[in-house]
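# Architecture and fold: a report
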Amino acid sequence: MSEETRKILEMLANGKVTVPEAERLLAALGGNDAAPSGTGKRNLKYLVVTVNGSKDENGKPVNVNVRVPLQMLRAGVKLASLIPVVAKDKINQALSEQGMKFDVDSLKPENLQEIIDAMEELTVDVDGGQETVRVRCE
Amino acid sequence: MIPPSFCYLKFHPQRWGWWLPFFLLWPLLLLLVLLVLPFWLLAGLFLVWFPAGRAILAAPVLVYELFCSLRGLTVKVQDGLNDISIKLI
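Residues numbered from 1 in each chain as written. Chains lettered and ligands numbered in written order. Predicted model: local features only at pLDDT ≥ 70, side-chain atom pairs only at ≥ 80, totals over all residues.

A few words now on the overall build of chain A. Counting its regular elements, chain A contains five helices and four strands. Ordered by position in the sequence, the α and β elements of chain A form the string α-α-β-β-α-α-α-β-β. Every one of the 138 residues in chain A was classed for burial, and the buried ones make up 4%. (Helix = DSSP H or I, 4+ residues; strand = E, 2+ residues; numbered from the N terminus. Buried ≥ 20, exposed ≤ 12 C-beta atoms within 10 Å, placed from the backbone.)

With that settled, consider the sheet that holds strand S3 (residues 74-78) of chain B. With respect to topology, eight strands assemble into an open sheet ordered S3(A)-S4(A)-S1(A)-S2(A)-S3(B)-S4(B)-S1(B)-S2(B), the strand pairing being antiparallel. Of all the strands in the sheet, the pair left with one neighbour each is strand S3 (123-128) of chain A together with strand S2 (18-21) of chain B. Direction aside, neighbouring strands of the sheet carry axes that sit 10° apart on average. Two elements, S3 of chain B and strand S4 (residues 83-88) of chain B, share five bridges in a ladder whose sense is antiparallel. Counterpart to Lys76 of chain B in the pairing with S4 of chain B is Ser85 of chain B. Each of strand S1 (46-55) and strand S2 (61-69) of chain A is contacted by helix H3 (residues 70-80) of chain A, which is oriented at about 65° to S2 of chain A, the strand it contacts most. (Pairing = 2+ DSSP bridges. Axes fitted to C-alpha atoms, helices over the stretch in contact; angles between N-to-C directions. Contact = placed C-beta atoms within 7 Å.)

Geometry of a packed helix pair, given as the angle between the helix axes and the separation of the axes. At a minimum axis separation of 8 Å, H3 of chain A and helix H2 (residues 51-68) of chain B run at an interaxial angle of 165°. Of the possible angle classes, the one that applies to H3 of chain A and H2 of chain B is roughly antiparallel. Classified by chirality, the crossing of H2 of chain B by H3 of chain A is left-handed. Contacts between H3 of chain A and H2 of chain B involve Met72, Ala75, Gly76, Lys78 and Leu79 of chain A on the former and, on the latter, Leu62, Val63, Glu65 and Leu66 of chain B. For the contact of H3 of chain A with H2 of chain B, the per-class residue count stands at six nonpolar, one polar and two charged. (Parallel < 35°, antiparallel > 145°, perpendicular 65-115°, else oblique. Left-handed = near helix turned anticlockwise from the far one by under 90°. Nonpolar A, V, L, I, M, F, W, Y, C, P; charged D, E, K, R; others polar.)

What follows is about the packing of helix H1 (residues 3-13) of chain A against helix H2 (residues 19-29) of chain A. Residues and elements named next belong to chain A. At a minimum axis distance of 10 Å, the contact between H1 and H2 shows a crossing angle of 175°. With respect to their mutual orientation, H1 and H2 come out roughly antiparallel. Each of Glu4, Thr5, Ile8 and Leu12 in H1 lies in contact with H2, whose residues at this interface are Val19, Ala22, Leu25, Leu26 and Leu29. Split into classes, the residues belonging to the contact of H1 with H2 amount to seven nonpolar, one polar and one charged.

What follows concerns the environment of Leu44 of chain A. With respect to the helices and strands, the residue Leu44 of chain A is situated in the loop between H2 and S1. Excluding residues that lie within four positions of it along the chain, Leu44 of chain A makes contacts with Leu70, Ile116, Met119, Glu120, Cys137 and Glu138 of chain A.

Here we take up the environment of Tyr46 of chain A. Structurally, the position occupied by Tyr46 of chain A is in strand S1. The class of Tyr46 of chain A is partly exposed, set by 18 C-beta atoms lying within 10 Å. Each C-alpha atom of the pair Tyr46 of chain A and Leu73 of chain A lies 9.6 Å from the other, and the pair is 27 residues apart in sequence. With residues up to four places along the chain from it excluded, the contact list for Tyr46 of chain A reads Arg67, Val68, Pro69, Leu70, Cys137 and Glu138 of chain A together with Gly72 of chain B.

Looking now at the confidence of the model for chain B. Within chain B, residue pLDDT values average 88, and 98% of them lie at 70 or more. Element-level pLDDT for chain B is lowest in H2 of chain B, with a mean of 86, against a maximum mean of 92 in S2 of chain B. (pLDDT = per-residue confidence, 0-100.)

A separate point is the environment of Cys7 of chain B. Residues and elements named next belong to chain B. As for its position among the elements, Cys7 is in strand S1 (residues 6-11). Here the alpha-carbon distance between Cys7 and Gly17, two residues 10 residues apart in the chain, equals 10.0 Å. Setting aside residues no more than four positions away along its own chain, Cys7 makes contact with Leu20, Phe22 and Leu88.

Before going further, it helps to spend a moment on the interface of chain B and chain A. For an interface, size is often stated in terms of accessible area lost upon the parts coming together. Taken together, the contact pairs 19 residues of chain B with 20 residues of chain A. For the side of chain B that touches chain A, the secondary structure elements donating two or more residues are H2 and S3 of chain B. No other element matches H2 of chain B, which puts seven residues into the side of chain B that touches chain A. The residue makeup of the side of chain B that touches chain A, split by class, is 10 nonpolar, five polar and four charged. Alignment of S2 of chain A against S3 of chain B, held across five bridges, turns out to be antiparallel. Paired with Val66 of chain A across the strands is Val75 of chain B, a residue of S3 of chain B.

This is the structure in structure tokens:
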């Protein structure tokens, strides 16, 4: 870590600069140091879901690979914004009954971008004995 | 925004797949849009004043965007008997 980076982080810790200002300053320093969260991001395009299931009666494994363009999620969220409020309430209620406390109304395109950015480093692995499920972005 | 050009389908036990030329449907889609557009704009003059009406007006555009965003969608399912691949390019 260079002296300049250390100073910027100290200023951030002391509250002299805000997080976006610190990001801009770190970005202005160039690529000599570790990139801040706003720079050096991979250009994520796909959400990949891989399911390696148990073997069927023929002894062959069941595999499912789905690659969904993230643009499709964005378009879907935009389209979801047209859902009437009454229907959204019913969806929220149904999700709540399934144990998912989630407000569909809070899913907006700008929020989705934040989620996608956060998924850069995210990989979900579910190992259920013979079946494995893997979710990642690429 | 460009809609998918090809759809690749492959089903077990075929060794080869089907390339469906979606781009041949583009002129038909354009023709449909040109036919519907005057009515859509006319309806827009009345519907734009109501929130629900605005949603109705925006829906076709968003559906088209969703259709275009299908490019790159890949689904592969394999088991002992079935081997299905669907790709939109």
